Amino acid sequence: MRARIVRVADLDSDGIARWAELLQHSLEPYPFLDPRMLVPAAQLRPADGDMSLIFIEDETQLVAIMPFRRFALVKSPPLEGLQSENEFLDKESTWNHPLVLASRPGEAFECLFAGLKSLGLPHLVEFTLLPSGGALELAMKDAAERLKVPLLVRETHEFARAVNATPTSIGPGLEPSFQLRTTTSATRRKVARFSRGLEAELGHKLHIEERSADPTAVSRFIDLQASGWKGDPSRGGAGIRVMGYERWFDAVTDRYRKDGDLLVYALTGGTRVVYMNVMFRIGESVFGYADAYDERFSAFNPGMLGRAAAVNAALGAPGVRIFDPNLSPHYRDASRAFPDRQTRVKLLAANGGVSSHAMVRGLPAVRELRRRLTRERPSADVAE
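These lines cover the structure that appears in this document, whether it is placed above or below. All values derive from a computational prediction rather than experimental measurement.

Okay, the overall build of the chain next. Along the chain, the regular secondary structure elements total 11 helices and 15 strands. Within the span of the chain, comprising 384 residues, buried residues form 53% of the whole. For the chain, the share of sequence-separated contacts (at least 6 apart) that also reach a separation of at least 24 residues comes to 72%. Accessible area of the chain: about 17,500 Å², with a carbon and sulfur share of 50%.

Laid out in structure tokens, this is it:
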């Protein structure tokens, strides 16, 4: 086994193929650590051109990949740690844990811990928001126990998702379903009123369509997004066109379309598109990326209607079990629309000697002491 830091822009076709193979056979894969997304980012988004990852591999295959960056764990005296995230993930993803090979998860984590040390990286390693309660977390904890690497749970968060919703077969021009499992009777009445009003305004029944095979679908989505607040920086918009990401997004969606893993849903009335949603699929999971609606119909809440219809449509696609909206838990109102939750934890590992072990064991006491002293003398010694 060896560990190496790989600049994404420097990867050759063999390295990209090995990465893609790991993604397809990893625990908890996600599109924001997928070569179909990151390789174009390194090529077409200047701010991400120097993005690097940690590869753990043997002579035959990759067993783990980890995004990383250094951060100040303790500010005074300064103490540096390593996080399993980077600037690209900050901008795009609520996911940022390592990919590990599903057939060798314990070995993968053991090699990852050893590889981080061999690269001379900080011994305090923060695994950011690892999915909790599953094989990935269990493999990490087992490897840490074997290697005598202390772990500290720093944070726990609940993320919205939808699992096993009622299937809806999707084809051209099918009637949408606007009801999710959490929909209350009051919301059902509201949705019915909005949908009837929108149909009356359009003069046509509403339909949901999957348009990923249409080569113009992505450009139409970008146009729709740019026509609303997401296309207006003065209103806080940071859409694809505003950010200068059009070439990158075209490249990403082309790759996913080629593999049959792109979903583009449109809520329509007659020939008018009132809402669109772009999603990426990996295995039995679909991940939301971005949506947009025609603001001329804001009175009828097309965003709420379209989002529910698109989620139900995605969950009705053959073989799909999970829809993940890629929503930060801080978006509480938006999260309430989704019926299920996934717990993720932030774990701090002391992957080194006595000093790092002592720091991990001491952090809870330091944090508690700071809370007690906050009213008398505010302190910022420990970075939360």
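Its identity as a non-glycine residue notwithstanding, Glu28 has a phi of 55°, on the positive side. Owing to a relative accessible area of 30%, Glu28 belongs among the partly exposed residues under this scheme. Phi at Asn301 takes a positive value of approximately 50°, unusual for a residue other than glycine. Its location among the elements puts Asn301 in the loop between strand S13 (285-293) and helix H9 (302-315). Assessed through its relative accessible area of 30%, Asn301 is described here as partly exposed.

Turning our attention to the packing of aromatic side chains. All told, the structure shown has 14 aromatic pairs when counted by the stated rule. With a centroid separation of 4.5 Å and an interplanar angle of 45°, the aromatic rings of Tyr256 and Phe280 are classed as tilted. Of this pair, Tyr256 sits in helix H8 (residues 246-258) while Phe280 sits in strand S12 (residues 272-282); the two residues are 24 residues apart in sequence, bridging distant segments of the chain. Tyr256 gets classed as buried once you look at its relative accessible area, which sits at 0%. Residue Phe280 is classed as buried on the basis of its relative accessible area of 0%. With a centroid separation of 5.8 Å and 65° between ring planes, the pair formed by Phe280 and Tyr289 is classed as edge-to-face. Tyr289 carries the same exposure label as Phe280, and that label is buried. Of the aromatic side chains, those joined through ring pairs into one cluster are Phe88, Phe221, Tyr245, Trp248, Phe249, Tyr256, Phe280 and Tyr289. Lying across the ring of Phe194, Arg193 places its NZ or CZ 5.5 Å from the centre. The residue whose ring lies beneath Arg344 is Phe159, and the NZ or CZ to ring-centre distance is 3.8 Å.

In spatial order, the strands read S5-S6-S8-S15-S9-S14-S13-S12-S11-S10; together these 10 strands make up an open sheet with mixed pairing. Because the sheet does not close on itself, it has two edges, and the strands there are strand S5 (69-74) and strand S10 (206-210). On average, adjacent strands in this sheet sit at an angle of 30° to one another, irrespective of strand direction. The pairing of strand S11 (residues 262-269) with S12 spans 8 bridges and is classified as antiparallel. Looking at the pairing, Val264 lines up with Val278 of S12. Along the sheet, helix H7 (residues 217-226) makes contact with S11, S12 and S13, crossing S12 at roughly 120°. Packed on one face of the sheet, H8 meets S11, S12 and S13 and runs near 65° to S12.

The subject of this paragraph is the pattern of salt bridges. Should their charged atoms come close, side chains of opposite charge can pair. Applying the stated criterion across every chain, the model contains 34 salt bridges. Across the pair Asp223 and Arg241 runs a salt bridge, and its minimum N-O distance is 2.7 Å. With Asp223 in helix H7 and Arg241 in the loop between H7 and H8, this pair connects stretches of sequence that are 18 residues apart. We classify Arg241 as partly exposed; its relative accessible area is 36%. Note that Arg336 is salt-bridged to Asp333, the shortest N-O span being 2.1 Å. In this pair, the class of Arg336 matches that of Asp333, namely exposed. Each of Arg2, Arg4, Arg18 and Glu57 takes part in one network of salt bridges that share partners.

About the thresholds
Residues numbered from 1 in each chain as written. Predicted model: local features only at pLDDT ≥ 70, side-chain atom pairs only at ≥ 80, totals over all residues. Heavy atoms only, no water. Helix = DSSP H or I, 4+ residues; strand = E, 2+ residues; numbered from the N terminus. Buried < 20%, exposed > 50% of the residue type's maximum accessible area, 1.4 Å probe, protein only. Contact = heavy atoms within 4.5 Å. Areas by Shrake-Rupley, 256 points an atom, 1.4 Å probe, with all protein chains shown as cover. Phe/Tyr/Trp six-rings, centres within 6.5 Å; stacked < 30°, edge-to-face > 60°. Lys NZ or Arg CZ within 6 Å of the ring centre and 35° of its normal. Pairing = 2+ DSSP bridges. Axes fitted to C-alpha atoms, helices over the stretch in contact; angles between N-to-C directions. Salt bridge = Lys/Arg side-chain N within 4 Å of Asp/Glu carboxyl O.

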